[in-house]
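Results of the structural survey
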Amino acid sequence: MIGAGLAFFVVATSANCQSSKVKMAFIGNSITAGVYDYGKKDQQVSYATQFSELMAAVYGDTLEILNTGVSGRTMTKHGPQPIWIEPAFKKALDFKPDICLVALGTNDSKPNLYDLVQKEFFHDYQDLIDTFRCINPNITFVVCLPPPIFEGHPYSPESPHNDTLLVKYTIPLIDSIAKNNHLTVVDFHTAFVDRPQYFTDHLHPNIEGHQKMGKILFDQFMEQDLIRKTLQLKDSTEAVETNRTKEIQN
């Protein structure tokens, strides 16, 4: 698969005299932002960076990645810290990505947000998808099922995260969004459900956990050939737009 990716990259470069670019935005919370081991934070540790480095080994600088993860953020607009009002979210919209990875839901899975999530999570998730599609109708979405929340994490004891709520309510809502919109799903929950050793603080991946998440994401991208498909779609769309412009000018 990697060889096929490299072969396509060379062909695309030769045919167009320059390599096309694929822009990918990560929308997420503290895990995406690179938090690890009891509150330490380094975006270079993040699984998004690990993924980026693996992809660069195959596609060079063809893939341009923007990480807009912000700690503590929720998908629900009426949650305590919605991603929607963050400057990072606007930055992602202005980036006009070809691929958007959404990794939210962990912070929505708190007992005090149960009623809100049931009423608004699905609608707000769909609204996010539609918002990005208004900017780029051909955008590809990758949605993530959050990693497990292990018993004993020390965060927000007055309103703890809860893996039971994540599994019973939040994840099924994400699955429904994916099915309704025919989106690619990356299941970080199943991948780590029996691997608490990668979550030192029981909520955030440690450095090795981030590395494994990046590899899981990389493997799925390669298996589904998402970069090549995105390049083909971009090239065909740009060709149609170019021909339309020429027709108007003539």
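Above this note sits the structure.
Throughout, residues of each chain are indexed from 1 in the direction in which the sequence is written. It should be noted that, the model being predicted, local features are given only for residues of pLDDT at least 70 and side-chain atom pairs only at 80 or more, the latter also being counted only at that level, while totals for whole chains, interfaces and linings use all residues. Working from all heavy atoms in the structure, the side-chain values ignore hydrogens and water.

Axes here mean lines fitted to C-alpha atoms, for a helix over just the part in contact, with angles spanning 0 to 180 degrees between N-to-C directions. Each helix corresponds to a stretch of at least 4 residues labelled H or I by DSSP, and each strand to a stretch of at least 2 residues labelled E; elements are numbered beginning at the N terminus. Between helix H5 (residues 114–135) and helix H6 (residues 163–181), whose axes approach to 11 Å, the crossing angle comes to 30 degrees. Between H5 and H6, the crossing angle belongs to the class labelled roughly parallel. Considering the relative orientation of H5 and H6, their crossing is right-handed. For the pair H5 and H6, the contacting residues are Tyr114, Val117, Gln118, Phe121, Phe122, Tyr125, Gln126, Ile129 and Arg133 in the first and Leu165, Tyr169, Thr170, Leu173, Ile174, Ser176, Ile177, Asn180 and Asn181 in the second. Split by residue class, the contact of H5 with H6 holds 11 nonpolar, six polar and one charged. Orientation labels follow simple angle bins: below 35 degrees gives roughly parallel, above 145 gives roughly antiparallel, 65 to 115 gives roughly perpendicular, and whatever is left gives oblique. Note on convention: the crossing is left-handed when the near helix lies turned anticlockwise from the far helix by less than a right angle, right-handed when the turn is clockwise. The criterion used for residue contact is that any of the two residues' heavy atoms lie within 4.5 Å. Charged means Asp, Glu, Lys or Arg here, nonpolar means Ala, Val, Leu, Ile, Met, Phe, Trp, Tyr, Cys or Pro, and polar covers whatever is left, Gly included.

So, about the packing of aromatic side chains. Both the distance between ring centres and the angle between the ring planes are used here to describe each pair of aromatic rings. Each Phe, Tyr or Trp ring (for Trp, its six-membered ring) is paired with any other whose centre lies within 6.5 Å, and the angle between the two planes then decides the class: stacked below 30 degrees, edge-to-face above 60, tilted in between. Here the structure, examined in full by the defined rule, presents 12 aromatic pairs. With centroids separated by 4.9 Å and ring planes inclined at 65 degrees, the aromatic side chains of Phe51 and Phe221 adopt a geometry described as edge-to-face. Taken together, the positions of Phe51 in helix H3 (residues 47–59) and Phe221 in helix H8 (residues 207–224) put the pair 170 residues apart, joining distant regions of the chain. Among the residues examined, Phe51 registers a relative accessible area of 0% and is labelled buried. Aromatic pair Phe150 and Phe199: ring centres 5.4 Å apart, planes at 50 degrees, arrangement tilted. The cut-offs for exposure are 20% and 50% of the maximum accessible area for each residue type, with area from a 1.4 Å probe on protein chains only; residues under the lower value are buried, those over the upper are exposed, and the others partly exposed.

A few words now on the pairing of strand E6 (residues 140–145). Among the six residues of E6, five are classified as buried, and the element is accordingly described as predominantly covered. Inspection of the sheet shows strand E5 (residues 99–103) paired to E6 by four bridges, in the parallel sense. If you follow Ile99 over to E6, its bridge partner there is Thr140. After leaving E5, the chain enters H5 and then returns to the sheet as E6, a path that is right-handed. Should DSSP find at least two bridges between two strands, the strands are regarded as paired. Here E6 pairs with strand E7 (residues 184–187) via four bridges, running parallel. Each bridged residue has a counterpart across the sheet, and for Leu145 the counterpart in E7 is Asp187. Place the viewer so that the strands point away; then a crossover is right-handed whenever the path from the first strand over the helix to the second strand goes clockwise.

Here the focus is the sheet that holds strand E1 (residues 22–28). Strands sit in the order E4-E1-E5-E6-E7 across an open sheet of five strands; the sheet is parallel. Edge positions in the sheet fall to strand E4 (63–67) and E7, since each has one partner strand and no second. Within this sheet the neighbouring strands show an average axis-to-axis angle of 20 degrees, counted without direction. Of the strands in this sheet, E1, E4 and E5 touch H3, which is tilted by about 175 degrees from E4. Contacts from H5 reach E1, E5 and E6 within the one sheet, and its direction differs from that of E6 by about 155 degrees.

Glancing now at the environment of Val193. The residue Val193 is located in the loop between helix H7 (188–192) and H8 in this model. On a C-alpha basis, the gap between Val193 and Ile149 in space is 8.7 Å, while along the polypeptide they are 44 residues apart. Non-local contacts of Val193, meaning those with residues more than four positions away in its chain, are made with Pro148 and Phe150.

Next up on the list: the environment of Pro160. Its location among the elements puts Pro160 in the loop between E6 and H6. Residues Pro160 and Asn107, 53 residues apart in the sequence, show an inter-C-alpha distance of 9.3 Å.

In this section: the pattern of salt bridges. When a carboxyl oxygen of Asp or Glu is within 4 Å of a side-chain nitrogen of Lys or Arg, the pair counts as a salt bridge. Scanning the entire structure with this criterion turns up seven salt bridges. Asp127 is the salt-bridge partner of Lys77, the closest N and O atoms lying 2.2 Å from each other. Taken together, the residues span a long stretch of sequence, with Lys77 in the loop between E4 and helix H4 (87–95) and Asp127 in helix H5 at a distance of 50 residues. Where Arg228 meets Asp225, a salt bridge forms, and the shortest distance between an N and an O atom there is 2.4 Å.

As used in this record, nonpolar core signifies buried Ala, Val, Leu, Ile, Met, Phe, Trp, Tyr and Cys residues forming a set joined through side-chain atoms within 4.5 Å. Grouped together as the largest cluster of nonpolar side chains are 36 residues, with contacts concentrated most on Ile27, Tyr125, Leu128, Phe132 and Phe141. Secondary-structure elements contributing two or more residues to this core are E1, H4, E5, H5, E6 and H6. Ranked by the residues each element gives to this core, the list is headed by H5, at seven residues. Discounting chain neighbours no more than four positions away, the residues touching Ile27 are Thr68, Ile83, Phe89, Ala92, Cys100, Leu101, Val102, Ala103, Leu104, Leu128 and Phe132. Ranked by size, the runner-up nonpolar core spans 30 residues in total, among them Tyr59, Cys144, Phe199 and Ile227.

All we've got here are geometric facts, nothing functional implied.
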